[in-house]
Amino acid sequence: MEEKTQFDFLWEKIRERVKPLVNPISYSTFIENLVPVDVVDRKIVLRAETEIAAATIVKNHLGQLREAILAADVGLSDVAIVVEGSDTYNLDDIQETAEEVKLDNRFTFESFVVGTSNKFVYAAAKSVASAPGENFNPLYIYGGTGLGKTHLMQAIANEINQKKPSLKVLYTTSEKFLNEFVDSLARKGEGREARFRNRYRGVDVLLIDDIQFWAGKYGVQEAFFHTFNELFSQNKQIVISSDCPAKELTSLEERLRTRFEGGLIADIQPPDIETKIAILKRKALEKKYVVPEEVLAYLVKNSDNNVRTLEGRLNTVIFASKLHEEPITLRLAATALQESIAGDEEPAEVTPAAIVKATCAHFSISEKDLLGKNKRQEFVRARQICTYLMCDMLALPLVSVGKEMGGRDHATVIYSRDKVADLLRVSDATVKDVSDIRSAILRQ
């Protein structure tokens, strides 16, 4: 019997965690046959038998592998896939492939609900997608969280990929750009700096989400400044998003702000009631549910402007309908959300402490584990749901939510909230957890 390597022991622990996350056919066809060959920069390198197998894993199963790596708690943070028969491997090429498949094909112009609050930015995005580099360059999209910036950014990318496949399109986030920049500096001697430049300057369309996170980080601003100039001089399209107007990004260098302001600046305003109802109606139809108008109106009545939160309320009601095998009615919606229809009952006081207490009780964990740094899967999941509920049930700034959640930063709060909001679309278990904890909070 062949002697096991240190990589085999790491992979066994990870494989145990990934098996429940992947359907049995995919697991036996693709995951089970992977062979661990190296560990580089806390990434486990797994060898696939064929290029088709490698591409399938990168496209469909990277998320599950990454989740399993964190759950296994073996000191690793990521994965890279190489192909059988290759003596060497290029982690940058693998990472690039992984980035390019992160586009969500549900984010299209057709699935974007247009209302008075967003029709200008929608038209601008459509114009850029139809003629990249010709109409508005750069296009700078800004607006509050959960209003559709990422949807429009990815709709542009998806449209160009479909209708102009000869163009090279790269959609990424400010965080990924920053991480790759830092890595390029740390490993200059390996040619990472040149590969970083080529990766971002060799595209026809570059879309970068949430650049406000570069505030105060002047090294990455310098890198993007030169990338911007190189692309702009070649009439390559640049699209940027942020949570505020360019002129308010005072922690960004002036020369960057002026370049942003030299293109088209388009903002997404919070949706009005009619647009919120239209959004919910579209989401319900996507799930093959017809929801009465009075229920839709009820769901938007006391909601915030975050579309993800709004969809979470809809998912809670749909789950209640499936669970109790009852049609969706106003009374069912009120019961599912534990709210009073008439509004004459005294609502329970909701505080950060109450949300933390209810979350800990639901998952049978301690407050220390919930708010601490332990990366065990059950703690991370509870932490993300608790963060989502604080954002959903309290009118707190994201910075304040981060403080209540153990001193976490703005970016972590957004990631956790949006992660749970995405799970609420597809996971009945997550809907039930959120609904049960919400009910417990309101009973306290």
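Residues numbered from 1 in each chain as written. Predicted model: local features only at pLDDT ≥ 70, side-chain atom pairs only at ≥ 80, totals over all residues. Heavy atoms only, no water.

S.K.: I keep staring at the nonpolar core and nothing clicks. Help me out?
M.R.: Nonpolar side chains tend to gather and get buried jointly when the protein is soluble and globular. In this structure, I355, L370, L389 and M390 are the most contacted members of the largest nonpolar core, which totals 30 residues. Only α16 (352-363), α17 (367-371), α18 (377-393), α19 (398-404), α20 (410-426) and α21 (428-443) provide two or more residues apiece to this core. Filtering out sequence-adjacent residues up to four positions away, L389 remains in contact with I355, T359, L394, V434, I437, R438 and I441. Counting residues in hydrophobic clusters, the runner-up holds 27 residues, among them F181, A223, I240 and C244. (Core = buried A, V, L, I, M, F, W, Y, C linked by side-chain atoms within 4.5 Å. Buried < 20%, exposed > 50% of the residue type's maximum accessible area, 1.4 Å probe, protein only. Helix = DSSP H or I, 4+ residues; strand = E, 2+ residues; numbered from the N terminus. Contact = heavy atoms within 4.5 Å.)

S.K.: Explanation requested: the packing of helix α14 (residues 307-324) against α21 in the structure shown.
M.R.: Each pair of packed helices can be summarised by the angle the axes make with each other and by the distance between the axes. At a minimum axis separation of 9 Å, α14 and α21 run at an interaxial angle of 100°. Viewed along their axes, α14 and α21 adopt a mutual orientation that is roughly perpendicular. Residues N315, T316, F319 and K322 of α14 touch α21, and the partners they reach there are D428, V431, K432, S435 and R438. Its residues assigned to classes, the contact of α14 with α21 comprises two nonpolar, three polar and four charged. (Axes fitted to C-alpha atoms, helices over the stretch in contact; angles between N-to-C directions. Parallel < 35°, antiparallel > 145°, perpendicular 65-115°, else oblique. Nonpolar A, V, L, I, M, F, W, Y, C, P; charged D, E, K, R; others polar.)

S.K.: Honestly, the sheet that holds strand β5 (residues 169-173) in this entry has me stumped. Any pointers?
M.R.: Across a sheet, strands are paired by hydrogen bonds formed along the backbone, either parallel or antiparallel in direction. Pairing is parallel across the open sheet formed by five strands, whose spatial order is β5-β6-β7-β4-β8. Edge positions in the open sheet fall to β5 and β8 (264-268), since each of these has one partner strand only. Across the sheet, the axes of successive neighbouring strands diverge by a mean angle of 15°, strand direction being ignored. Where strand β6 (residues 205-209) lies against strand β7 (residues 237-242), four bridges are found, and the strand directions are parallel. (Pairing = 2+ DSSP bridges.)

S.K.: How should I be thinking about the pairing of strand β2 (residues 43-48) in this particular structure?
M.R.: Every regular strand shows the same layout, with side chains that alternate between the two sheet faces. A large share of β2 lies buried, amounting to five of its six residues. Sheet analysis places strand β1 (residues 35-40) next to β2, joined by five bridges and oriented antiparallel. The residue bridging P36 from the neighbouring strand is L46, located in β2. Of the pairings in the sheet, the one linking β2 to strand β3 (residues 78-83) comprises six bridges and is parallel in character. Each bridged residue has a counterpart across the sheet, and for I44 the counterpart in β3 is V79.

S.K.: Looking at this model, I keep getting lost on the packing of aromatic side chains. Mind explaining?
M.R.: The geometry of an aromatic ring pair is captured by two quantities: the separation of the ring centres and the angle between the planes. Tallied over the entire structure, the rule returns 13 aromatic pairs. Relative to Y200, the ring of F196 lies with its centre 5.2 Å away and its plane at 55°, an arrangement referred to as tilted. Separated by four residues within a single helix, F196 and Y200 lie in helix α9 (residues 192-201), roughly one turn from each other. Residue classification places F196 among the buried positions, given a relative accessible area of 8%. Centre to centre, the rings of F228 and F232 are 5.9 Å apart; their planes meet at 15°, and the pair counts as stacked. Within this pair, F228 and its partner F232 are both found in helix α10 (residues 218-233), separated by four residues, close to a single helical turn. (Phe/Tyr/Trp six-rings, centres within 6.5 Å; stacked < 30°, edge-to-face > 60°.)

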